[in-house]
Protein chains: 2
Amino acid sequence: MSYPSSLTLARSSGSSVAPAEVGSDPRPPVHHDIELQPLQVDKSPEEKFREFLAIRGEKLTAPRRALVRHVFNAHKHFDADELTAELQERGEKVSRSTVYRTLRLLVEAGLLRELRLTNRTAYEHDYGYPSHDHLHCSECGTIVEFSNEDIRNLREAISRSHGFRASGHKFIITGICEACRRLRNNRRRPII
Amino acid sequence: MSYPSSLTLARSSGSSVAPAEVGSDPRPPVHHDIELQPLQVDKSPEEKFREFLAIRGEKLTAPRRALVRHVFNAHKHFDADELTAELQERGEKVSRSTVYRTLRLLVEAGLLRELRLTNRTAYEHDYGYPSHDHLHCSECGTIVEFSNEDIRNLREAISRSHGFRASGHKFIITGICEACRRLRNNRRRPII
DNA sequence: GTTCCTGCAAACCATTTGCATTGAA
DNA sequence: TTCAATGCAAATGGTTTGCAGGAAC
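What you see is a predicted model; the values in this text were computed from it and never measured.

Quick notes on the rules
Residues numbered from 1 in each chain as written. Chains lettered and ligands numbered in written order. Predicted model: local features only at pLDDT ≥ 70, side-chain atom pairs only at ≥ 80, totals over all residues. Heavy atoms only, no water. Contact = heavy atoms within 4.5 Å. Buried area = accessible area lost by both parts, 1.4 Å probe. Salt bridge = Lys/Arg side-chain N within 4 Å of Asp/Glu carboxyl O. Polar contact = N/O pair within 3.5 Å; in protein donor to acceptor, adjacent residues only side chain to side chain. Helix = DSSP H or I, 4+ residues; strand = E, 2+ residues; numbered from the N terminus. Nonpolar A, V, L, I, M, F, W, Y, C, P; charged D, E, K, R; others polar. Pairing = 2+ DSSP bridges. Least-squares fit on C-alpha atoms with pLDDT ≥ 70 in both. Buried < 20%, exposed > 50% of the residue type's maximum accessible area, 1.4 Å probe, protein only. 1 Å grid on protein atoms, 1.4 Å probe; cavity = no way out; pocket = protein on both sides within 12 Å on 5 of 7 lines; lining within 4 Å. Points joined across faces, edges and corners; volume = space filled by probe spheres on them. Near = heavy atom within 4 Å.

Participant: Help me out: how do you make sense of the interface of chain A and chain B in this one?
Facilitator: In this assembly, 42 residues from chain A lie in contact with 43 residues from chain B. Counting each side, the surface lost to burial between chain A and chain B is near 3400 Å², with a carbon and sulfur contribution of 65%. When the buried surface of chain A facing chain B is broken down by residue, A:Ile158, A:His162 and A:Phe164 rank first, second and third, together holding 21% of it. At the junction of chain A and chain B, the tally comes to zero salt bridges. Summed over the shared surface of chain A and chain B, the number is 14 residue pairs in polar contact (both at pLDDT 80 or more). Contributions of two or more residues to the side of chain A that touches chain B are made by strand S4 (133–137), strand S5 (143–146), helix H5 (149–161), strand S6 (165–176) and helix H6 (178–188) of chain A. Top contributing element to the side of chain A that touches chain B by residue count: S6(A), with twelve residues. Per-class residue counts for the side of chain A that touches chain B are 20 nonpolar, 13 polar and nine charged. When S6(A) meets strand S6 (residues 165–176) of chain B, the two strands line up antiparallel, connected through eleven bridges.

Participant: Just checking my understanding: could you explain the relation of the copies chain A and chain B for this structure?
Facilitator: Two chain copies, one operation linking them: a rotation about an axis together with a shift along it. For these two chains of identical sequence, chain A goes onto chain B by a turn of 180 degrees and a shift of 0.1 Å along the axis, with RMSD 0.1 Å. Interpreted geometrically, this transformation is the action of a two-fold axis. Minimal C-alpha separation from the rotation axis in chain A is found for A:Phe171, amounting to 2.2 Å. Comparing interface residues between copies, 100% of those in chain A also sit at the interface in chain B, which points to an isologous, same-surface contact.

Participant: Explain the sheet that holds strand S1 (residues 78–79) of chain A to me, please; I cannot follow it from the model alone.
Facilitator: Think of a sheet as strands paired side by side through backbone hydrogen bonds, with each pair either parallel or antiparallel. All names here are of chain A. Spatial strand order, S1-S3-S2: three strands in an open sheet with antiparallel pairing. Among the strands making up the open sheet, the edge pair consists of S1 and strand S2 (112–115). Bridge count between S2 and strand S3 (residues 122–125): four bridges; the pairing is antiparallel. Residue pairing for S3: Arg113 is matched across the bridge by Glu124.

Participant: What am I meant to see in the pattern of salt bridges here?
Facilitator: Where side chains of opposite charge bring their charged atoms close, a pairing between them can arise. Using the criterion set out here, one finds 28 salt bridges over all chains in the structure. Among the ionic pairs, A:Arg56 bridges to A:Glu108, the shortest N-O distance being 2.7 Å. Of the two residues, A:Arg56 sits in the loop between helix H1 (45–55) and helix H2 (62–71) while A:Glu108 sits in helix H4 (residues 96–108), which places them 52 residues apart along the sequence. Residue A:Arg56 is classed as partly exposed on the basis of its relative accessible area of 36%. For A:Glu108, a relative accessible area of 45% puts it in the partly exposed group. Residue B:Glu51 is joined to B:Lys43 by a salt bridge in which the shortest nitrogen-to-oxygen separation is 3.5 Å. What emerges from the salt-bridge pattern is a single network uniting A:Glu46, A:Arg50, A:Arg65 and A:Arg69.

Participant: Explain the layout of surface pockets to me, please; I cannot follow it from the model alone.
Facilitator: By volume, the second largest pocket is sized at about 260 Å³. The wall of the second largest pocket is formed by 14 residues, among which A:Arg116, A:Asn119, A:Thr121, B:Thr118 and B:Asn119 lie closest to the centre. The element contributing the most residues to the lining of the second largest pocket is H4(A), with three residues.

Participant: Mind showing me how you'd approach the protein's contact with DNA strand C here?
Facilitator: If you check the shell around DNA strand C, you find 21 residues, and the closest are A:Tyr100, A:Arg120, B:Thr61, B:Ser95 and B:Thr98. Protein-adjacent atoms of DNA strand C, using a 4 Å cutoff, are sugar or phosphate at a proportion of 64%. Between B:Arg64 and DNA strand C, the recorded distance is 2.8 Å, taken from a side-chain N or O atom to a phosphate oxygen. Listed by contribution, the elements that provide at least two residues to the surface near DNA strand C are H4 of chain A together with helix H2 (62–71) and helix H4 (96–108) of chain B. At four residues, H4(A) tops the list of elements feeding residues into the surface near DNA strand C.

What follows is the structure, given as structure tokens:
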């Protein structure tokens, strides 16, 4: 069976260097700006999680199910407190502790990936989503995803030459996004 | 005037893919494993810091001087508490708060770079040290530095294609270092 | 002198944990 | 029926901050 992966907002996947694509308003320090196509996967995240738990003799409870469903319902970056708030707004009974505990499990299960760009840990989909890296705007905090296959090769070559066996990597490019740069320029030469 | 930069432990700088070089004991979760040549710089870190402070109308005090001297006396990764301990062992009167405050200044001044691999922030030399990236052993916590010029090009190409103006990047390869891999293998097939 | 800096202790804030209770298998 | 999960509140641990006294410019 094929899980249709109802992720939102997919764009150009870009093999060597992907074309530009920038969001409109740069003010709120929120993330997103999704560019990649979700992968077709044969099991739903929930099912995948249940299996992971079963192997360890652990249980898929109501709060865990609500959480994993909610998280994979929209493709975006989020942190523990945002998630807690969203779940509670929806009337789901999930405490902050359980959110933290479950997020840790989802990372161990390979469903989510951690991203430490600020003091709060951000999470993103790993299961059903292609390997990618991030551009991080230091002005507005926007996170843009991109995919570049050279990076993987580079990572392998470097690891090999250092006797490392790579299991993953993080490549984060920090800078100013196009929208913020334009705002800056407009401020410098204002229309009188 | 040329500052001779008394950094310790330099090794192969490696342009495209540097040769392997691995430390001996992988147990303690401490960092290091330096591979790059320090750069020749025209001002000492202390002098550079003094200038930075002067511009902002701030002062180079005794604790700050002790700190910047100590930090640039040896090339290694360290965190705030390690540094506080080392300074106090040497009889320098620097409180933890001042260490935190001064580290932040040194980052702003471009003398140090922050590295967030664990829950504690690690610091490393930026001034007088070439741009580089890191291999991080998930088993023993060792950090190995490497330098690869393709990364910079990749970063520029990707940034350009996304309308970003890059100001920096972090490329961290996670995996198992050679020493830890050997330990694992020995454990799997023990000598009876 | 004025302004900035220091140390101390307290505050902060994200995350973790102990424990009594509840619930999945 | 058993072992694990939950929620709450308290603990943790790295980092920041308010403030009164102390130093640089």
